[in-house]
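Structural overview for review
Letter by letter, the chains look like this.
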Amino acid sequence: MIGLYYFIAIVIILIDQLSKWWVVANMELGESITVIENVFYLTSHRNTGAAWGILAGQMFFFYIVTTVVIIVVIYYIHKFAKDNKLMGWSLAFILGGAIGNFIDRIFRKEVVDFFNVYIGTYDYPIFNIADSALVVGVILMLIATFVDEKNKKGSMPA
């Protein structure tokens, strides 16, 4: 079963890297393609920081943090994913997302972003598939944690 989680992470990494390759190969930096007018665009963007561009240019910091995250996630997959499928899926998404952006930081010294979403008049920060996988993974982890806690409370003697 643990192999499935690594397979999921690899699929996420491949889709992430192929989509970034396509953007770099086919779009000029700053170019935008309308998908849904006033809502969703593909926009070629680069980010040297984390979410919302925080800590821009701090690559060495990101190398260290991401390496630690990857090690911890792999440890957690082996420790918790055997007994909790939802936790396994969440960790697989986090692993795939972390490695996807790590590859960019190592080889490009920046992360390729391209999903550009407007929510009303708010221009949400441009993101990529790895970022999406990280968010989905964290949401799944929160759900898995809440379900696990509820199950523990439900099985306690009165």
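Read on for an overview of the structure. Everything numeric here is computed off the predicted structure, so don't read it as measured data.

1. Let's talk about the side chain of S90
Secondary-structure assignment places S90 in helix α3 (residues 85–107). A relative accessible area of 0% means that S90 is categorised as buried. Residues in contact with S90, not counting those within four places in the same chain, are G137, L140 and M141.

2. Structural notes on the packing of helix α2 (residues 59–80) against α3
For any two helices packed against each other, the geometry comes down to the angle between their axes and how far apart the axes lie. Interaxial distance between α2 and α3 falls to 10 Å at its minimum, and their mutual angle equals 155°. On the basis of the axis angle, α2 is roughly antiparallel to α3. Where α2 crosses over α3, the handedness of that crossing is left-handed. Of the residues in α3, those touching α2 at M59, F62, Y63, T66, T67, V69, I70, V73, I74, Y76, I77 and F80 are M87, L91, I94, L95, A98, I99, F102, R105 and I106. Class assignment of the residues belonging to the contact of α2 with α3 gives a composition of 18 nonpolar, 2 polar and 1 charged.

3. Things to note about α3
With 23 residues, α3 should cover 33 Å at 1.5 Å per step; its first-to-last C-alpha distance of 33 Å lies within 8% of that length. Sitting at the head of α3, N84 places a side-chain oxygen 3.2 Å from the backbone nitrogen of L86. In the segment just after α3, K109 is the residue with positive phi, at about 65°.

4. Thoughts on the packing of helix α1 (residues 2–26) against α2
Their axes nearest at 10 Å, the elements α1 and α2 cross at an angle of 145°. The element α1 and its partner α2 pack so that their crossing is right-handed. On α2, the residues that touch I2, Y5 and Y6 of α1 are I74, I77 and H78. Taken together, the residues of the contact of α1 with α2 break down into 5 nonpolar, 1 polar and no charged.

5. Here's the deal with a nonpolar patch on the surface
A cluster of nonpolar side chains, F60, I64, V68, V72, Y75, Y76 and F80, forms an exposed patch at the surface whose accessible area comes to about 680 Å². Looking at the secondary structure, you find V72 in helix α2. In this structure V72 comes out as partly exposed when scored by relative accessible area, which is 38%.

6. Digging into unusual backbone geometry
Backbone geometry follows two general trends: most residues other than glycine have a negative phi, and most peptide bonds adopt the trans configuration. In this structure, N38 takes a positive phi of about 65° despite not being glycine. Its location among the elements puts N38 in the loop between β1 (32–36) and β2 (40–47). Exposure remark for N38: the relative accessible area of 53% places this residue in the exposed category. Despite not being glycine, K109 shows a phi value in the positive range, around 65°. For K109, the position within the fold is in the loop between α3 and β3 (111–119).

Calculation criteria
Residue numbers run consecutively from 1 along every chain, following the written order of its sequence. Side-chain atom pairs in this predicted model are given and counted only at pLDDT of 80 or more, local residue features only at pLDDT of at least 70, and totals for whole chains, interfaces and linings cover all residues. Think of the side-chain values as coming from all heavy atoms in the structure, minus any hydrogens and water. Put simply, DSSP H or I for four residues or longer makes a helix, DSSP E for two residues or longer makes a strand, and each gets a number counted from the N terminus. Note on classification: 1.4 Å probe, protein chains only; a residue is buried when its accessible area is under 20% of the maximum for its type, exposed when over 50%, partly exposed between these limits. Two residues qualify as a contact provided that any one of their heavy atoms is within 4.5 Å of a heavy atom in the partner residue. To obtain an axis, a line is fitted to C-alpha atoms, over the contacting stretch when the element is a helix, and the angle between two such axes runs from 0 to 180 degrees between their N-to-C directions. Any angle that falls under 35 degrees is termed roughly parallel, while one over 145 is termed roughly antiparallel, one within 65 to 115 roughly perpendicular, and all others oblique. Should the near helix be turned anticlockwise from the far one by less than a right angle, the crossing is left-handed, and should it be turned clockwise, the crossing is right-handed. Ten residue types, Ala, Val, Leu, Ile, Met, Phe, Trp, Tyr, Cys and Pro, are classed as nonpolar, four, Asp, Glu, Lys and Arg, as charged, and the remainder, Gly among them, as polar. To estimate the expected span of a helix, count its residues, drop one, and scale the result by 1.5 Å. Definition of a polar contact: a pair of N or O atoms within 3.5 Å, with one able to donate and the other able to accept a hydrogen when the atoms are protein atoms, and with sequence-neighbouring residues admitted only if both atoms are side-chain atoms. Only residues whose relative accessible area exceeds 30% and that form no salt bridge are eligible for patches; like-charged ones are grouped when within 9 Å, while nonpolar side chains (Val, Leu, Ile, Met, Phe, Trp, Tyr) are grouped when within 5 Å. Residue-level accessible areas treat just the shown protein chains as cover; the underlying method is Shrake-Rupley with a 1.4 Å probe. Between Lys or Arg on one side and Asp or Glu on the other, a salt bridge is scored when a side-chain nitrogen of the former is within 4 Å of a carboxyl oxygen of the latter.

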